[in-house]
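What the coordinates show
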Amino acid sequence: KGNKKYTEENQNDKSFSIGGSIGARSNYDYTEIGGDFLSKDATTALDLISAAILQPLFEKEKVTQYVSYLMDYNNPTKMDIAQKAQLYSSLSLYGIDNPLGRSIYKEQLQLVTPEKLVEFYKFNYTPKNKKIVNTMTKERTKKDSHRDGIRNVNQMRVTEQLGDE
């Protein structure tokens with residue numbers, strides 16, 4: 001959602017201009033920040049990705065908005081059967097005393113502040129916890145592009161993994 005180098009809009013525009021994308025996902029073991037882009041645009045894409053990883057912003061308004069969204073989205077009355085099954089499966093497996101067992105603990109979410117996020121980031125997102133992974137080789141990309149009728153395309157996916165594997 002933007003960083004010290006690029007506003008959210010500038011980041012999205014720059015990514016769009018090179019035909020790439022940047023995204024993030026997380027699970028219980030690790031966080032992954034990555035991007036898809038053509039190899040000819042690697043310098044620009046890696047600049048965007050590194051700014052997102054190394055210079056994130058935790059703006060109070062956006063944090064508050066996202067916490068509100070999470071509380072609303074994770075309301076059991078609005079969940080489908082699969083989401084409810086996952087919720088109660090985690091509760092049964094981990095128990096109420098474990099944070100993994102109470103994934104939508106409203107009172108806990110309300111305690112999230114930009115300051116706590118910065119503290120968590122500085123403690124966990126350190127060089128020893130990071131690994132850059134190129135998950136698509138040129139050979140694989142050329143094979144896929146020929147299959148799809150596209151020539152001279154070298155695409156790369158770069159992922160920054162943070163945490164345990």
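Basis of the calculations
- Residues numbered from 1 in each chain as written.
- Predicted model: local features only at pLDDT ≥ 70, side-chain atom pairs only at ≥ 80, totals over all residues.
- Heavy atoms only, no water.
- Pairing = 2+ DSSP bridges.
- Helix = DSSP H or I, 4+ residues; strand = E, 2+ residues; numbered from the N terminus.
- Phe/Tyr/Trp six-rings, centres within 6.5 Å; stacked < 30°, edge-to-face > 60°.
- Buried < 20%, exposed > 50% of the residue type's maximum accessible area, 1.4 Å probe, protein only.
- pLDDT = per-residue confidence, 0-100.
- Contact = heavy atoms within 4.5 Å.
- Core = buried A, V, L, I, M, F, W, Y, C linked by side-chain atoms within 4.5 Å.

Take the pairing of strand E1 (residues 21–26) next. Looking down a regular strand, the side chains alternate between one sheet face and the other. The pairing of E1 with strand E2 (residues 30–38) spans six bridges and is antiparallel. Among the inter-strand pairings, serine 26 is bridged to a residue of E2, identified as threonine 31. Where E1 folds back onto E2 in an antiparallel hairpin, the turn is made up of three residues.

On inspection of all chains with the given rule, the structure shows two aromatic pairs. A centroid spacing of 5.6 Å and a plane angle of 35° characterise the contact between tyrosine 66 and tyrosine 69, whose relative ring orientation is tilted. Residue tyrosine 66 and its partner tyrosine 69 are both found in helix H3 (residues 60–73); the two are separated by three residues, about one turn of the helix. The class for tyrosine 66 is partly exposed, based on a relative accessible area of 48%.

As a further point, take the confidence of the model for the protein chain. With 76% of its residues at a pLDDT of 70 or more, the protein chain has an overall mean of 77. Taken element by element, the protein chain is modelled with least confidence in strand E4 (residues 155–163), mean pLDDT 48, and with most confidence in helix H1 (residues 8–17), mean pLDDT 92. Every residue in residues 148–160 is under pLDDT 50, and counting partners more than four places away or in other chains gives 53 contacts.

This part covers the nonpolar core. One finds Ile18, Ile33, Phe37, Ala42, Ala45, Ile49 and Ile53 forming the largest nonpolar core, which totals seven residues. Listing elements by their share of this core, those giving two or more residues are E2 and helix H2 (42–54). Looking at which element gives the most residues to this core, the answer is H2, with four residues.

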